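Here is what each chain is made of, one letter per residue.
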Amino acid sequence: MNLRNLAILGALCVLLGGAWMAQRQYDRAPEVAAGKWPSATLEATDLLQEFMDDEVAAGKRYTDEVIEVNGTVRGVSAPQGGKVSVLLETGNPLAAVVCEFDQSMSGLVPGSMVTVKGYCAGYNLDVVLQRCALVE
Amino acid sequence: MRLPQFVHVPFLLLLPLFTHGQERYFTRMGEASFSFTTKMGEVQAANHTATSMFDPNDGSIELSMLMKAFEFEKAAMQDQFNNELMESDAWPKAVFTGRLLGISDGVFSNPRKLSFLVVGNLTIHGTTRKVLEHTSWVVGEDGVLHTECRIKVVMDDYGITVPTLFKDVLPKEVELYLALDFEKL
């Protein structure tokens, strides 16, 4: 193999490698909170209150961030779609911190204390956390 | 009509105003989803945290959902949806406010299947458009109201600019599917 062919082969490898890496990056699933360091840790009641006091400011502070929330389980629901939602008490009967999990949370019962971390999607009467993980 | 950010008043703040007649219905686990096919494969997105309130006395219905609560299979799609199409930081919510047409007293009192037209205003990307769609309803034995609706969303109508790179890939319109299980408040 002469030098020219070697150069072509090298360029081809670089191109294929680049394409493979780009495809891998494109196919990457949304990140989950497990293993991520939270940017803030707070009580569920305080999180809701911050959004109710100033939705814009709280949105800028927390949306897209991994946050860790302590609270009491109000309920667990598993609607269609495979997601499991754990509702945390906020002291406001009409609002909750909704934590979405991708797996079963059958061990959680109303009244139990939990610490959850998840990606904050914003405030929609409830504060919504997604791709959550329980903190042991 | 282009609305300023966060102009929508959370409808639960209005709850004390509704104090007569049948009980109202509420859900915080409403499903909103859409899908379309591209040359690169099927794209699906779903949001399971749409909140909605329904008043059977006058048929009024309000629905609100976070754009960033739509989840895609791929992170890149989710980023493109929020950052390049919906500009979700500027317009974080989609809101529908409307009313069922032709409902009569007590129509939701007994288990049955029903269908109604719903008319109202849908705000996406800060732009409001009138919509008129069919809705199907199931009144369950347990009193839960299940409703489904499909709303056609034309990108241009809502000022959603598709980047040149995706012009030949993305459809000009998508069908937003809504499925809500209302429980009494």
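Conventions used here
Residues numbered from 1 in each chain as written. Chains lettered and ligands numbered in written order. Predicted model: local features only at pLDDT ≥ 70, side-chain atom pairs only at ≥ 80, totals over all residues. Heavy atoms only, no water. Helix = DSSP H or I, 4+ residues; strand = E, 2+ residues; numbered from the N terminus. Rg over C-alpha atoms; globule rule 2.2 N^0.38 Å. Buried < 20%, exposed > 50% of the residue type's maximum accessible area, 1.4 Å probe, protein only. Contact = heavy atoms within 4.5 Å. Areas by Shrake-Rupley, 256 points an atom, 1.4 Å probe, with all protein chains shown as cover. Lys, Arg positive; Asp, Glu negative; His and termini not counted. Charge placed at Lys NZ, Arg CZ, Asp CG, Glu CD. Salt bridge = Lys/Arg side-chain N within 4 Å of Asp/Glu carboxyl O. Polar contact = N/O pair within 3.5 Å; in protein donor to acceptor, adjacent residues only side chain to side chain. pLDDT = per-residue confidence, 0-100. Phe/Tyr/Trp six-rings, centres within 6.5 Å; stacked < 30°, edge-to-face > 60°. Axes fitted to C-alpha atoms, helices over the stretch in contact; angles between N-to-C directions. Parallel < 35°, antiparallel > 145°, perpendicular 65-115°, else oblique. Nonpolar A, V, L, I, M, F, W, Y, C, P; charged D, E, K, R; others polar. Pairing = 2+ DSSP bridges.

> Lay out the overall build of chain A in plain terms, naming residues and giving numbers.
Within chain A, the regular secondary structure consists of 3 helices and 6 strands. Along the chain direction, N to C, the helices and strands of chain A fall in the order α-β-α-α-β-β-β-β-β. Compactness check: chain A gives a C-alpha radius of gyration of 21 Å against a globular reference of 14 Å for 136 residues, more than 25% above the reference. Viewed in the frame of its principal axes, chain A has a C-alpha envelope of about 75 × 35 × 25 Å. With 136 residues in all, chain A has 43% of them scored as buried. Excluding contacts between residues fewer than 6 apart, the proportion of contacts in chain A whose partners are at least 24 apart in sequence is 57%. Entry remark: accessible area of chain A is about 7400 Å², with carbon and sulfur atoms responsible for 59%. Between the mean site of the 10 positive side-chain charges and the mean site of the 16 negative ones, chain A shows a separation of 13 Å.

> Could you give an account of the interface of chain A and chain B, with specific residues and numbers?
Listed as interface residues are 31 residues of chain A and, on the opposing side, 31 residues of chain B. Our count for the contact surface shared by chain A and chain B stands at 5 salt bridges. Ionic pairing is found between D126 of chain A and R28 of chain B, a salt bridge with its closest N-O pair at 2.6 Å. On inspection of chain A and its partner chain B, the count reaches 11 residue pairs in polar contact (both at pLDDT 80 or more).

> Explain the side chain of N124 of chain A to me, using residue names and the numbers behind them.
By the element assignment, N124 of chain A lies in strand β5 (residues 113-124). One polar contact links N124 of chain A to S64 of chain B, side chain to side chain, over a distance of 2.6 Å. Excluding residues within four positions of it along the chain, N124 of chain A makes contact with T49, A50, T51, S64, M65, L66 and K93 of chain B.

> Would you mind going over the confidence of the model for chain A in detail, with residue names and values included?
Mean pLDDT over chain A: 90, with 96% of residues reaching 70 or higher. Of all the helices and strands in chain A, helix α1 (residues 3-27) of chain A carries the lowest mean pLDDT, 79, while strand β1 (residues 40-43) of chain A carries the highest, 98.

> Pulling in residues and values, what's your account of unusual backbone geometry?
Glycine aside, the phi torsion of most residues is negative, and most peptide linkages are trans. Positive phi values are uncommon outside glycine, yet L125 of chain A reaches one of about 75°. Here L125 of chain A is to be found in the loop between β5 and β6 (126-134). The phi dihedral of E87 of chain B falls on the positive side, at around 45°, and the residue is not glycine. As for its position among the elements, E87 of chain B is in the loop between α1 (75-85) and β5 (93-101).

> Requested: an account of the pattern of salt bridges, with residues and values cited.
All names here are of chain B. A full pass over the atoms with the stated rule returns 13 salt bridges over all chains. With a closest N to O distance of 3.8 Å, E23 and K184 form a salt bridge. Residue E23 is found in the segment before β1 (25-38), and its partner K184 is found in strand β9 (residues 173-184); the two are separated by 161 residues along the sequence. Residue class for E23 comes out partly exposed when judged on its relative accessible area of 43%. Across the pair R150 and E175 runs a salt bridge whose closest N-O atoms are separated by 3.4 Å. Remark: E175 occurs in strand β9 and R150 occurs in strand β8 (residues 145-154); sequence separation between them is 25 residues. Looking at E175, the relative accessible area reads 44%, which means it is partly exposed.

> Provide a residue-level description of the packing of aromatic side chains, including the pertinent values.
Residues and elements named next belong to chain B. Under the defined criterion, the tally for this structure stands at 15 aromatic pairs over all chains. Taking 5.6 Å as the distance between ring centres and 45° as the angle between the ring planes, the aromatic pair formed by F34 and F70 counts as tilted. Placement of F34 in strand β1 and of F70 in the loop between β3 (60-66) and β4 (71-72) is noted, with a sequence separation of 36 residues between them. Like F34, the residue F70 is buried in the burial classification. An aromatic cluster is built from Y25, F54, F108, F116, W137 and F182, whose rings are joined through pairwise contacts.

> Talk me through the packing of helix α2 (residues 44-53) of chain A against helix α3 (residues 55-62) of chain A; I want residue IDs and the actual numbers.
Angle between the axes and distance between the axes are the two parameters that describe a pair of packed helices. Residue and element names in this part refer to chain A. Interhelical geometry of α2 versus α3 gives an angle of 130° and a closest axis separation of 5 Å. Viewed along their axes, α2 and α3 adopt a mutual orientation that is oblique. Contacts from L47, E50, F51 and D53 in α2 reach E55, A58, G59, R61 and Y62 in α3. The residue makeup of the contact of α2 with α3, split by class, is 4 nonpolar, 1 polar and 4 charged.

> Summarise the pairing of strand β6 (residues 112-124) of chain B; cite the residues concerned and give the values.
Residue and element names in this part refer to chain B. Bridging between β5 and β6 involves 7 bridges; their strand directions are antiparallel. Each residue of the ladder has a partner; that of G98, found in β6, is G120. Two strands pair when backbone bridges link them, and β6 and strand β7 (residues 127-139) are joined in this way by 13 bridges, in the antiparallel orientation. Along β7, the bridge assignment pairs T123 with T128. Between β6 and β7, which pair antiparallel and follow one another directly, the connecting turn spans 2 residues, one of which, H125, has a positive phi of 60°.

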